[in-house]
Amino acid sequence: MPNTKTLSNVEKIALERSGRSFQYKPLERIGIIEVENFPMLGKLTALHFLEWVQDNPGGVISLPTGKTPEHFIKYVTTFLRNWHKADVQKDLENNGIDPARLPDMKSLHFVQIDEFYPIDPNQKNSFYYYVKKYYIDGFDLDADKAMLMNLWNVGVPAPLTLKEIFPEGIVDLSLRHRHAINSMERRQKEVIEAVDQFCTDYEGKIQELGGIGFFLGGIGPDGHIAFNIKGSDHYSTTRLTPTNYETQAAAATDLGGIEVSRNRLVVTIGLRTITQRKDAVAIIIAAGEAKAKIVAAAIENAKNNLYPASILQDLPNARFYLTHGAASRLVERRLVDFKNHQELPFELVESAIIDRALALDKRIVDLSKNDLKANPFTEEIQHRYGKNSEQLLLDVQSHLVQKIEAGLEELTDYTFMHTAPHHDDIMLGYLPYIFHLVRTPKNKHFFTYMTSGFNAVTNHYVLDLLNNLLENLKQSEFIELVEAGYFKGRTSNRDWDVYHYLDGVAGHSKTIKNEATSRRLLRILVYLYEEESVEHLKDRINELIDYFSTQYPGKKDMPHIQMIKGMIREWEADLVWAHFGFNSRSVEHLRLGFYKGDIFTENPEFSRDVRPVRELMERIEPTVVTLAFDPEGSGPDTHYKVMQAIAEAVKAYVKRKSRKEPEIWGYRNVWYRFHPAEANVFVPVSLNSMAILENAFVNSFGSQRTASFPSYELDGPFSRLAQKIQAEQFQMLKTCLGEDYFNENDHPRLRACHGFCFIKKMTVTDFIEQTMALRKKMESPVA
């Protein structure tokens, strides 16, 4: 069990600044240091790493890949490159490091943690490439002392390549235990055996070095560290192994889709590999509320194969470095914060009482004094409110009813500026609400998409569209459209593409839908390449077919390819709103410039990313602005950055124009949920609304129909997950208020209700305050 005696100088200073204890017993089984925000998480980790290197020249290190170590990498490289500058030396000294001792990076032995298999190590989405770029070169390590997982030639007989051994990228591990049935399988069996031997030798080399001295890792959605997935043996060593769905979904973005990641195996060091040295420093870093649940499970549960990180409880020098958001589900810490409130905010009281009702599967008003006393949070409430606690239960129930009534309110004479980071975010967040808002022509609606969203379109999908387009270009009717100038310029023609597609939807005609999709794709190519000749366009299409046939999935595309993919996404969004009678004049695609497809994304800039939003607001003059209101570190990083750009635009808008401030509506969809105490509008969702959502999603979002980049929570399209969330939110309210509230309600929409959308309405002041608080957790201000 950890104790503060094992803390380094850097950690002691960080712990003191945090105002927290290292460990809150009895629930916390591993020590924790909390920091305020994501950059500070990287800085603390970098400082302790450099401190360890100072004290352990020649040591063995193992460092993570992905987005989580972004600020760790930035701080380590900044400190090393500017070590002798006075301001850097002062910063180091203030944080517990002796600036007189430059860390000997060349002396270190580096151990790569894991890798996909099979994968070409030269691909930019391989972990081998990442390690070489950011650690070997970036930290100026000695490449000769690095143990890397380059498996491209392991067991592969010349002149063959690994791609020829496993032409579909599928490795059948049953060949370990059965006879091969043909020459292909014999070669595959030999390669698998060679990789297994590589893993054994790799493990042996780590042991010869004395084991890993400094391990830094993240934690996956299923709790995995390295690729030791949920259920991994705590005595596991380096091995070739399959993964689970949660890990495959998380890796889909890196590998170019779940179609690829589902078939990829991994080579990973084992849990015993990480914990072999009992004096090893092992740190797990996590940022954001989205990680809070799995972090709490790893820290608060006894050692169990279901929680891979629980093995670290055996190491005195193991700890978690967490942002406040990542630590937000740790019970003992929450309780300390709860009790420290001189006056409990009603939202916290409401949250605790709702949680207690849900835990006991009881209506709120049926909670007894003993029920409240048996939970530390509600016990504190009961202690403070005394005899008034029964009235408090009635108040919480009444507040939930008020939120439902707010979701039933009919709104007229509103101008809505619906915004989304990606093209399916609005419909997945609150499309059932829009069904009712659009029924009166007195409301105006503008749908605004902030990014191109090209990362969500697979090469395989575009390739199918291009081949379909070539087939259509053989038809005389299609060629006549080209020659008549149908694909040049005019906005009305763009809308005709949409109407034609929806005719196909109405008539269940795949032919018409394919033709309409080809029309839009050809329109995109005419716009990008400024070509009008059919033969020249065919040449361009064949060039693109060659490109998409030869590029490995997950590779960053060239800008014009990103534009093609992004405009395909824009077409899909146009289709959604045409279902409700909105044409292209009501749909804006801003293509904000910070979105570039890099692993470490840029922050929004005012002139590039904020001004277009403000100018659109000035043109629309909205009374309501909606936005994806996700907490720290949940869902795609794009959600956070779009919200900050909108916040800056709203500030500039209200400052520049002396007009009524718009309401701000925050929504969430498949990446994170509102707790019922956080939201203040509950919109009832009927089975009819769910059916429309499913139908519109499947018919409009062709690129998302096969769920190539799914959530780890559900193996299927996002529309199914959105429905699942809405149904779960209904069940929560049905528990809290009782079945009779819905089944016997006078309002038909509540009797027909089987789901809820949760919305958080805010004033501009509240919104700006909350986004500023979130920015403090995540990044520096917008440039």
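See the structure above.
My aim in this report is to walk through the structure given alongside it, one point at a time.

1. Remarks on the overall build of the protein chain
When helices and strands are counted, the protein chain shows 30 helices and 17 strands. The globule rule puts the C-alpha radius of gyration for 783 residues at 28 Å, and the 28 Å found for the protein chain is close to it. Taken along the three principal axes of its C-alpha coordinates, the protein chain extends 80 × 70 × 60 Å. When the 783 residues of the protein chain are sorted by exposure, 58% land in the buried category. For the protein chain, the proportion of contacts with a sequence separation of at least 24, taken over those separated by at least 6, is 78%. Summing over all exposed atoms, the protein chain offers an accessible surface of approximately 32,700 Å²; the carbon and sulfur share of this is 48%. Within the protein chain, one finds 93 positive and 104 negative side-chain charges whose respective centroids are separated by 2 Å.

2. A word on the pattern of salt bridges
Per the stated rule, a full pass over the model turns up 45 salt bridges. Here Glu471 and Lys474 are joined by a salt bridge, their closest N and O atoms 3.0 Å apart. Using a relative accessible area of 45% as the deciding quantity, one classes Glu471 as partly exposed. According to the relative accessible area criterion, Lys474 is exposed, its value standing at 57%.

3. Here we look at the sheet that holds strand β8 (residues 265-268)
With antiparallel pairing, 3 strands are arranged side by side in an open sheet as β4-β8-β7. The two strands at the open ends of the sheet, each matched to only one other strand, are β4 (114-117) and β7 (239-241). Pairwise comparison of adjacent strand axes, ignoring direction, gives a mean angle of 25 degrees for this sheet. Across 4 bridges, the pairing between β4 and β8 is antiparallel. Paired with Phe116 across the bridge in β8 is Val266.

4. Some remarks on the pairing of strand β1 (residues 31-35)
A large share of β1 lies buried, amounting to 5 of its 5 residues. Here 5 bridges tie β1 to strand β10 (residues 318-323), and the two strands are oriented parallel to one another. Note that in β10 the partner of Val35 across the bridge is Thr323.

5. Concerning the environment of Phe582
Here Phe582 lies in the loop between α23 (559-578) and β13 (587-589). Note on Phe582: relative accessible area 15%, which makes it buried. Along the chain, Phe582 and His445 lie 137 residues apart, while their C-alpha atoms are 8.4 Å from each other. Not counting residues up to four positions away in its chain, the partners in contact with Phe582 are Val438, His445, Phe447 and Trp577.

6. So, the nonpolar core
Judged by nonpolar contacts, the single largest core of 63 residues is most densely connected at Ile353, Ile364, Ile404, Ile646, Phe756 and Phe767. In terms of residues, this core owes the most to one element, helix α25 (residues 637-656), which gives 9 residues.

7. Section: unusual backbone geometry
Residues Tyr117 and Pro118 are joined by a peptide bond in cis, for which omega reads -5 degrees. Residue position: Pro118 is located in the loop between β4 and α5 (127-137). Residue Pro159 follows Ala158 across a cis peptide bond; omega there is 5 degrees. Along the polypeptide, Pro159 turns up in the loop between β5 (146-147) and α6 (162-165). One non-glycine residue, Arg591, adopts positive backbone phi at about 50 degrees. Checked against the element boundaries, Arg591 lands in the loop between β13 and α24 (606-620). With a phi angle near 55 degrees, Glu621 is a residue other than glycine that sits in the positive phi range. Note on Glu621: relative accessible area 41%, which makes it partly exposed.

8. Some remarks on the pairing of strand β14 (residues 624-628)
On any regular strand, side chains alternate: one points to one face of the sheet, the next to the other face. In terms of residue burial, β14 counts as a mostly covered element, since 5 of its 5 residues are buried. Neither face of β14 is exposed, since Val624, Thr626 and Ala628 on one face and Val625 and Leu627 on the opposite face are all buried. The pairing of strand β11 (residues 415-420) with β14 spans 3 bridges and is classified as parallel. Counterpart to Phe416 in the pairing with β14 is Val624.

9. Here we look at the sheet that holds β5
Within a sheet, each strand pairs with its neighbour through backbone hydrogen bonds, oriented either parallel or antiparallel. Read from one edge of the open sheet, 7 strands run β1-β10-β9-β6-β2-β3-β5, paired in parallel fashion. The open sheet terminates on both sides in strands that have one partner only, identified here as β1 and β5. Inspection of the sheet shows strand β2 (residues 60-62) paired to strand β3 (residues 109-111) by 2 bridges, in the parallel sense. In the sheet register, Val60 faces β3, and the bridge partner there is His109. Strands in contact with helix α1 (residues 9-18) are β1 and β10; relative to β1, the strand with the most contacts, it is inclined by about 65 degrees.

10. Some words on the side chain of Asn699
Locating Asn699 in the fold gives a position in helix α26 (residues 687-700). Once you skip the residues sitting within four places of it in the chain, Asn699 turns out to touch Tyr501, Val505, Lys513, Leu575 and Arg705.

11. As for the packing of aromatic side chains
For the structure shown, the criterion picks out 38 aromatic pairs. Note on Tyr547 and Phe548: the rings are 5.1 Å apart at their centroids and 85 degrees apart in plane angle, and the pair reads as edge-to-face. Taking relative accessible area as the criterion, Phe548 reaches 4% and is therefore assigned buried. Of the aromatic side chains, those joined through ring pairs into one cluster are Phe49, Trp52, Phe72, Phe110, Tyr130, Tyr134, Tyr135, Phe139 and Phe214. The ring centre of Tyr486 lies 4.7 Å from the NZ or CZ of Arg523, which sits over that ring.

12. Notes on helix α17 (residues 425-437)
Every α-helix carries 3.6 residues per turn, so stepping three or four residues along brings you back to the same face. Taking 1.5 Å of rise per residue, 13 residues should cover 18 Å, and α17 covers 17 Å from first to last C-alpha, within 8% of that figure. Within α17, burial applies to Asp425, Ile426, Met427, Leu428, Gly429, Tyr430, Leu431, Pro432, Tyr433, Ile434, Phe435 and Leu437.

13. Description of the environment of Ala677
With respect to the secondary-structure elements, Ala677 resides in the loop between β15 (663-667) and β16 (681-686). Take Ala677: its relative accessible area is 6%, and that puts it in the buried class. Residues Ala677 and Pro157, spaced 520 residues apart in sequence, show a C-alpha to C-alpha distance of 62 Å. Residues contacting Ala677, with those up to four places away along its chain left out, are Glu347, Glu350, Ser351, Ile354 and Lys403.

Thresholds applied
- Residues numbered from 1 in each chain as written.
- Predicted model: local features only at pLDDT ≥ 70, side-chain atom pairs only at ≥ 80, totals over all residues.
- Heavy atoms only, no water.
- Helix = DSSP H or I, 4+ residues; strand = E, 2+ residues; numbered from the N terminus.
- Rg over C-alpha atoms; globule rule 2.2 N^0.38 Å.
- Buried < 20%, exposed > 50% of the residue type's maximum accessible area, 1.4 Å probe, protein only.
- Contact = heavy atoms within 4.5 Å.
- Areas by Shrake-Rupley, 256 points an atom, 1.4 Å probe, with all protein chains shown as cover.
- Lys, Arg positive; Asp, Glu negative; His and termini not counted.
- Charge placed at Lys NZ, Arg CZ, Asp CG, Glu CD.
- Salt bridge = Lys/Arg side-chain N within 4 Å of Asp/Glu carboxyl O.
- Pairing = 2+ DSSP bridges.
- Axes fitted to C-alpha atoms, helices over the stretch in contact; angles between N-to-C directions.
- Core = buried A, V, L, I, M, F, W, Y, C linked by side-chain atoms within 4.5 Å.
- Phe/Tyr/Trp six-rings, centres within 6.5 Å; stacked < 30°, edge-to-face > 60°.
- Lys NZ or Arg CZ within 6 Å of the ring centre and 35° of its normal.
- Expected span 1.5 Å × (residues − 1).

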